[in-house]
Structure formats: structure tokens, C-alpha cells
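Observations on the model geometry
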Amino acid sequence: MKLQMVDVVGQYQHIKPEVDAAVRRVLDSGQFINGPDVGELECSIAGYLGMKFAAGCASGTDALQIAMMALGIGPGDEVITTPFTFVATAETIGLLGAKPVYVDIDPVTFNIDPRRIEAAISPRTKAIIPVHLYGHPADMDPILALAQKHGLRVIEDAAQALGASYRGKRVCSFGDIGCISFFPSKNLGAFGDGGMIVTNDQALDGRMRMICAHGSKVRYYHEILGVNSRLDTLQAAILRVKAPHLDAWNAARRNAAERYTDLLRGAPLTPPSVQPHCEHIFHQYTLRVPRRDELAAYLKERAIPHAIYYPVPLHLQQAFSMSGGRKGDFPVTEAAAAEVLSLPMHTELTEEHLVIITDAIKTFYAAR
Ligand SMILES: Cc1ncc(COP(=O)(O)O)c(C=O)c1O
């Protein structure tokens, strides 16, 4: 049996006739750019999130960059975020000439620790980007309270968390702007790159749409500098087939996560925990484990897939060396980076898969 970290092909097999028909329909229409599927998907995602506006774009990374461009973030500005995230969160801040200012994480949820944010706010701070890492919502109430107190914007990086909720409301609906990724391995994944930017602010939506289209509302008349960032009609058509399954797929991930935790009971490791007011959608099932690198090598020898998200915190990445980050700056993040290990997580996991994976982990610890 071949175990896989993600199984996009297996999932496709269940919905193949509908996906193939949607693809064929777009191919026959010739409307590869801005076809009707894009607007339809935007409406359905906005509705799903309880938001007024959603605009497709080319990736989750673009969603973050376009959100910040629309808020006028640029050189001299600071944006507060977590150092324990995928590089895109801070890369886009840097690309706009602004400075990512990191705040250490909460050791339990791995998300930005709201208790540490206020100390990082300066007169140059423009926005906070909480990341709902692994599919677990960041603690939004205190973040929103601080943003309001200091007049800051909030951009939610929900690339890993579409469908997760915090106090009964879906993430993406708390900040000024929410950013979504449809990267194939995401809980709602396209068959290529894709992203979406959501907001309740009509003016911001208009500005983001303009930025996506080279800064123009009317073709060949450019009001501001923009980029070329569109969600392909083909991807939108595929996502329209997949979107109605999202809640069931998220539930399947939650069930698999519960089984992992049950099966691993007794092993000396810390399973992911879900805060009482949160619904986790388990984009990743991430443990904190002792002797992580030894365990990873042991699993590799046995062809058991696993991954480390993320081995190097952003303040220690070479690409951000100009910011002068040093080891020891964010000890909770650095400890997490040394201890986390993610197990296969997707909608096609079976009891047999889960038993093989967890038996290997238990055997590793029993033998030592
Ligand atoms: C937390 C986070 N932010 C942003 C992104 C960027 O999304 P994309 O790959 O669609 O550009 C990702 C995707 O991997 C992510 O995990």
C-alpha cells in the first residue's frame, strides 16, 4: 500500500465525471479568462463565508500582496505577523518595501500570541496579519481589540483554514480582508494555483479588483499600478464542483485527526489541541514530538510520509537576513520549529493507513 502525504488524485476519482464535464464545458466555451465560473465561484465563496465581496486572484500569495497594496502598505510601514508560517506571509510584506515585524507564537495553537502583540506596535505599524496555521483559527478577539485600539488593519491569512471557525463564525470574516489559497493540497484545492480575497468593504473590493487587473477598471485606462492576477476560468469551474464538498471533507479530516490522537495515546508526544471556541479543519495534523529528527529518519526508512512545517522560522531565513533576526529572538517559535512533525492528512485516509502510520510511531518510541 502506498501511503501519501496528500492524495489529490484519490479525491478527484470520487468527483471525476462532474470535474471532467466542467473542464470540457470551459474548453468548449473558449472563455479561459474571466469566464462566468469565476463570478459564480466568487459569489458562492462569499456566501459560504458570510461576506459581501470575494475576488478571485492567481494564488494565496497574490491575495496577500494585493490586500496590502489595496491598503496602501509600502516602504516605511511595518506589518505585524508570526515568524512561524509559510514564507508567503512575510515575503509579500517585504516585496512591498514594508517590514515584517514578528511576534512569537502561542505554544499550544502555534498561532501568533496576542499577549505579545502590543509590545511590537510602533508608530509605523499599519496592519496585523494573523495566520490560521494548520487550519486552527488564530485568537481573533484580542487581535481585533488591539487593532481597533491602535487604528490598525487586520488581514487574515486563511490560506490553510478555509471553513475553520472561531466563536461560530468562519475565519476570513473577522479582519478587513481575508486571504484564501486554492493551492492543490489545500482543503479546497484547485488543479493548479488559485486564490481569493474577501472583504465586506465595497471600496476595498473595488480597489483589489482594480489591482488584480493592472490597476484598471476600464480596459487600457490605468488608474493605479497593479498586477496581473486572475483566477483561471478552468480552476474556478473545478472549484465550483469541489466547493459543495468542503464541509464534508473538513469533517473527514477532523475524524482522521481524532483517530490519530486516539491511536497515538500513550506515546510520549503532544497531539494538536483544539481551543474550545474554535473549529479546526486540520489542514495539517501536526504533533510536537521528542527526538523529532530521529523519528523523521525512522519514518522515512519505512516509507511513511511526514513533513516539517516549518523547519526554519522566518526571522532566521536568509531571505530576511537584512532584518537582523537572530537565534533566540522568538524562543517559542524556535522550539516549535525543532519539535513539530506533520502526518499524512487528506480526505482519502483509511483506518488501515492510520494504523500503519501510528504503529510505526509507537514502535519507534517503545524501542527507545
Ligand atoms: C499560511 C500560508 N500563507 C500563504 C500561502 C500562499 O498560498 P499560495 O501557495 O496559493 O500562493 C500559503 C500556501 O502554501 C500558506 O500556507
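Refer to the structure presented above.
To keep things clear, this report deals only with the structure shown in the data block. (Residues numbered from 1 in each chain as written. Predicted model: local features only at pLDDT ≥ 70, side-chain atom pairs only at ≥ 80, totals over all residues. Heavy atoms only, no water.)

So, on to the site of the ligand. Near the ligand lie 16 residues; those nearest to it are Gly60, Thr61, Asp157, Ser181 and Lys186. Threonine 61 is positioned with one of its side-chain polar atoms (N or O) 2.5 Å from an oxygen atom of the ligand. The separation between a nitrogen atom of the ligand and a polar side-chain atom of aspartate 157 is 2.7 Å. The protein chains hide 92% of the 390 Å² of surface that the ligand would expose on its own. Contributions of two or more residues to the shell around the ligand are made by helix H3 (60–70) and helix H4 (88–95). When residues of the shell around the ligand are assigned to their parent elements, the largest contribution, 3 residues, is made by H3. The residue inventory of the shell around the ligand, partitioned by class, reads 6 nonpolar, 8 polar and 2 charged. (Near = heavy atom within 4 Å. Polar contact = N/O pair within 3.5 Å; in protein donor to acceptor, adjacent residues only side chain to side chain. Areas by Shrake-Rupley, 256 points an atom, 1.4 Å probe, with all protein chains shown as cover. Helix = DSSP H or I, 4+ residues; strand = E, 2+ residues; numbered from the N terminus. Nonpolar A, V, L, I, M, F, W, Y, C, P; charged D, E, K, R; others polar.)

With omega at 10 degrees, the peptide bond leading from tyrosine 309 into tyrosine 310 counts as cis. Tracing the backbone through its elements, the reader meets tyrosine 310 in the loop between helix H9 (292–301) and helix H10 (331–339). For arginine 291, which is not glycine, the phi torsion reads 50 degrees and is therefore positive. Looking at the secondary structure, you find arginine 291 in the loop between strand E13 (285–288) and H9. The exposure class assigned to arginine 291 is partly exposed, which follows from its relative accessible area of 37%. (Buried < 20%, exposed > 50% of the residue type's maximum accessible area, 1.4 Å probe, protein only.)

Under the criterion given, the structure shown has 22 salt bridges. Here aspartate 20 makes a salt bridge to lysine 16, at a shortest N to O gap of 3.0 Å. Pair noted here: aspartate 20 and lysine 16 are both in helix H1 (residues 8–29), with a separation of 4 residues, about one helical turn. One network of salt bridges, in which partners are shared, links Asp106, Asp113, Arg115 and Arg116. (Salt bridge = Lys/Arg side-chain N within 4 Å of Asp/Glu carboxyl O.)

Attention now goes to a nonpolar patch on the surface. Among the surface-exposed residues, Val6, Val8 and Val9 lie close enough to one another that they form a single nonpolar patch of about 210 Å² accessible area. Structurally, valine 8 can be placed in helix H1. Taking the relative accessible area as the measure of exposure, valine 8 reaches 37% and is therefore partly exposed. (Patch = residues over 30% accessible without salt bridge, like charges linked within 9 Å, V, L, I, M, F, W, Y side chains within 5 Å.)

Structural remark: α-helix, 3.6 residues per turn; residues separated by three or four positions point the same way. Taken residue by residue, H9 has Arg292, Leu295, Ala296, Tyr298 and Leu299 as its buried positions. Down the axis of H9, the sector holding all buried residues measures 160 degrees, keeping them to one side. Those residues of H9 that are exposed and aimed more than 90 degrees away from the buried face are Asp293, Lys300 and Glu301. Check the buried side of H9 and you find it contacts H10, strand E14 (340–343) and helix H11 (351–366). (Arc of directions from axis to C-beta. Contact = heavy atoms within 4.5 Å.)

Between its first and last C-alpha, helix H8 (residues 246–263) extends 26 Å over 18 residues, near the 26 Å set by a 1.5 Å rise per residue. Taken together, the buried positions of H8 are occupied by Leu246, Trp249, Asn250, Arg253, Ala256, Ala257, Tyr260, Thr261 and Leu263. Down the axis, H8 shows its buried residues gathered within 165 degrees of arc, on one side only. In H8, the exposed residues that point more than 90 degrees away from the buried face are Ala248 and Glu258. Looking at the buried positions of H8, the neighbouring elements they touch are H1, helix H2 (36–49), helix H7 (233–242), E13, E14 and H11. (Expected span 1.5 Å × (residues − 1).)

As a further point, take the sheet that holds strand E7 (residues 169–170). Here we have 3 strands laid out as an open sheet, ordered E7-E6-E12, and antiparallel in their pairing. Of all the strands in the sheet, just E7 and strand E12 (278–279) have a single pairing partner and so form its edges. For strand E6 (residues 165–166) and E12, the ladder comprises 2 bridges, and the chain directions are antiparallel. Along E12, the bridge assignment pairs tyrosine 166 with cysteine 278. (Pairing = 2+ DSSP bridges.)

Burial along E13 is two-sided: the face carrying Tyr285 and Leu287 and the face carrying Thr286 and Arg288 are both buried. Strand direction decides the pairing type here: E13 and E14, joined by 4 bridges, are antiparallel. If you follow tyrosine 285 over to E14, its bridge partner there is leucine 343.

Here we take up the nonpolar core. The biggest cluster of nonpolar side chains holds 27 residues, and the ones touching the most others in it are Tyr285, Leu343 and Ile361. Among the secondary structure elements, those contributing two or more residues to this core are H8, E13, H9, E14 and H11. Ranked by the residues each element gives to this core, the list is headed by H11, at 6 residues. Among residues more than four places away in sequence, those in contact with tyrosine 285 are Ala257, Tyr260, Thr261, Leu264, Pro271, Pro272, Leu341, Ser342, Leu343 and Met345. Counting 26 residues, the second largest nonpolar core, distinct from the first, contains Val38, Leu49, Leu231 and Leu239. (Core = buried A, V, L, I, M, F, W, Y, C linked by side-chain atoms within 4.5 Å.)

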